[in-house]
Amino acid sequence: MLTVLLGSPAIYGHEEREAEQSVNFVTCHDGFTLNDLVSYDHKHNEVNGEDNRDGTNDNRSWNCGVEGPTDDPGVEKLRNRQVKNFLTVTMLSVGMPMLLMGDEVRRTQRGNNNAYCQDNETSWFDWTFLAKHADVHRFVTLLNARRVLRDPEPERQRVSLNQLLRGVNLTWHGVNLNQPDWSEASHSIAFTVERQARVFHVIFNPYWQPLDFELPRLDNVGENPWRRWIDTALDSPRDILNWETVESVPGYTYRAESRSVVMLISWL
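Structure report, in brief.

Section: the pairing of strand β9 (residues 253-256)
Side chains Tyr 254 and Ala 256 project from β9 onto a buried face, and the interleaved Thr 253 and Arg 255 project onto a face without burial. Of the pairings in the sheet, the one linking strand β6 (residues 211-214) to β9 comprises four bridges and is antiparallel in character. If you follow Glu 214 over to β9, its bridge partner there is Thr 253.

So this is what it looks like as structure tokens:
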């Protein structure tokens, strides 16, 4: 995951290829939609008429405790958070993000992961989801708006992935600074990246319990230098803020709730 986050340099670092050579996605036209990835453990292709034998069985999905639609507010809240987690990782990774149509509003195919033969409500875009999942739509809209603002570099200047990575100061952490846990049992990671007078601190906590992460101390920026831009565990509209209204984070410890992604910012 972390190598993909950096644009897959083992694949695209040779021959000084551009970062955009790496196309990053979680879901595509084949397989589950993003909503169904967090709502179903198994495919449900019965309507395709092949006794559920078509479509892949290797979906890498988790239903968050209930198979399919549910009125359980706890399960639904977790699914919403997982959707935002996937969107955040996709949009913040180095390279070219690709989103499946409708993932920005949690479009569902009711567990069908091979719906090419369904020219009906299964595969159509349901526009009522824009209102039903307006918080997810807002979340990905603000993510995308910030991502498309390029660094102030000359137009058409070609920058390779290797050049891009060499131009940043990157440090990995665990819950403790400078102590990343690379073991197979690890359930969390954080990193700090500095580039062009901005510092970003990103926390991934896929663990099922909240964890307290140490934050780096920054020189010459005063007390409480960190500002929170993203915390997928918070309810909308605090889950992602406008860049100009990011909230101050007191101290040098941040509690990341279970199964969440956090992004903090500081200006040098």
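What about helix α6 (residues 134-147)?
Between the first and last C-alpha of α6 there are 20 Å, a value that for 14 residues agrees with the 20 Å anticipated at 1.5 Å per step. Buried residues of α6: Val 136, Phe 139, Val 140, Leu 142 and Leu 143, and no others. Along the axis of α6, the buried positions cluster into a sector of 160 degrees, meaning they face one direction only. Structurally, α6 contributes buried residues whose contacts are with α4 (73-92) and β7 (227-231).

Here we look at the environment of Thr 128
Residue position: Thr 128 is located in the loop between β2 (96-97) and α5 (129-132). Between the alpha carbons of Thr 128 and Val 105 there is a distance of 9.3 Å; along the sequence they are 23 residues apart.

Let's talk about the side chain of Thr 122
Following the sequence through the fold, Thr 122 ends up in the loop between β2 and α5. Take Thr 122: its relative accessible area is 12%, and that puts it in the buried class. Apart from residues no more than four positions distant in its own chain, Thr 122 is found in contact with Arg 107, Thr 108, Gln 109, Arg 110, Asn 112 and Ala 115.

Rules of the game
Residues numbered from 1 in each chain as written. Predicted model: local features only at pLDDT ≥ 70, side-chain atom pairs only at ≥ 80, totals over all residues. Heavy atoms only, no water. Buried < 20%, exposed > 50% of the residue type's maximum accessible area, 1.4 Å probe, protein only. Helix = DSSP H or I, 4+ residues; strand = E, 2+ residues; numbered from the N terminus. Pairing = 2+ DSSP bridges. Expected span 1.5 Å × (residues − 1). Arc of directions from axis to C-beta. Contact = heavy atoms within 4.5 Å.

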